[in-house]
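For reference, the chains in residue letters:
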Amino acid sequence: MSNALILAGFDAGQTHCRCKLSRWHNGTWQPLGEGQGSGVSHLQASGGETRFMEALRSSLQAANPDGLEITAAAVGASGVEQGTALQNRARDLLSASLELPKKHCVATGDERTALRGAFPNDAGVVLISGTGMIVVGRNDRGLETRCGGWGWQLDGAGAAFDLGHQGLQLSLRMADGRLPDGPLRKQLWQVLGCRTATDVKAFVVQPDYQPAQLAQLAPLVCAAAEAGNVEAAAILDRSGDALAEAAQAVASTLGLTKPKLCARGGALQNLAPLQQAVDTSLRRRQVDARWDERSGDACDGALTLALESC
């Protein structure tokens, strides 16, 4: 490995792609630049490969306006599952976009780069709860595993989407008279621009319906739970337990008896009642875990993976 390397790390999201450029010199990182470019879609979606390459190029240009020569690069993107043909295709596209040898290119899921950003060389478990959810971890031997994250149609419990979805289901029970009506129903419907239960039904069957539209309801459900709404509190408890269950499974698989936990994703980092619900469930499950503040993000994790490819 050369003593001075210039590396690029990408966090490819659907809204935008971020890039960090850094020099590895004498065992330390020297930041060179950061930039943001266009977003990606799933590689197998129509136009997915073109969007992926454009996101890489545009974010690198923003981070590296002087055109410094890059030694290696890594990208984390949603839907790039470990050990699949799609992972190889993403690596090939990264290589082509940056004109780098494939052996110096790494492509993986954004949950893996988040893990290595938080725990670059040590053991730990990262709980990610944004619109969707996934839990990933690694042990001291470098073995990694994941739990959850199989998409909102199948496995969204613990995510902001699921909080909003359950809240909307609760609102329909209120509207039907199965439960007493309350302010939460009106608040949820107002955000979605709905006035009746029929409007709600029509909303969720629109062709352009997206999980993120229900994820934005999660803070209202949390606020209702804190205000004493018993049904909303039950939703919060179920979501917290789902995340705790996944964390316990990851820790058990990796042999981590006292796992260090790191929170990532807008829901878990911004909705304090959700993290409290996770804590409560972990104690109930007798998992001896502690939260560990880690500053490294997914771009930092990608830089670590790029360095390992050199």
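So, how was this worked out
Residues numbered from 1 in each chain as written. Predicted model: local features only at pLDDT ≥ 70, side-chain atom pairs only at ≥ 80, totals over all residues. Heavy atoms only, no water. Helix = DSSP H or I, 4+ residues; strand = E, 2+ residues; numbered from the N terminus. Buried < 20%, exposed > 50% of the residue type's maximum accessible area, 1.4 Å probe, protein only. Contact = heavy atoms within 4.5 Å. Pairing = 2+ DSSP bridges. Core = buried A, V, L, I, M, F, W, Y, C linked by side-chain atoms within 4.5 Å.

As for the side chain of aspartate 11
- Relative to the elements of secondary structure, aspartate 11 occurs in strand β1 (residues 4-12).
- The exposure class of aspartate 11 is buried, given its relative accessible area of 19%.
- Leaving out residues up to four positions away in the same chain, aspartate 11 has contacts with His16, Cys17, Arg18, Gly76, Asp110, Ala298 and Cys299.

Let's talk about the sheet that holds strand β7 (residues 133-138)
- The five strands are arranged β8-β7-β6-β9-β10 in an open sheet whose pairing can be described as mixed. Each end of this open sheet is capped by a strand with a single partner; those strands are β8 (144-147) and β10 (290-291).
- As paired strands, strand β9 (residues 260-264) and β10 are joined by two bridges and run parallel to one another. Along β10, the bridge assignment pairs leucine 261 with tryptophan 291.

Some words on the nonpolar core
- Membership of the largest hydrophobic core comes to 50 residues, with the highest contact counts inside it found for Leu127, Val135, Leu163, Leu214 and Leu274.
- For this core, the element with the most residues is helix α9 (residues 230-254), which contributes ten residues.
- Filtering out sequence-adjacent residues up to four positions away, leucine 274 remains in contact with Ser129, Gly158, Leu163, Leu236, Ser239, Gly240, Leu243, Ala267 and Leu268.
- Membership of the second largest hydrophobic core comes to 28 residues, among which are Ala12, Leu43, Ala55 and Leu56.

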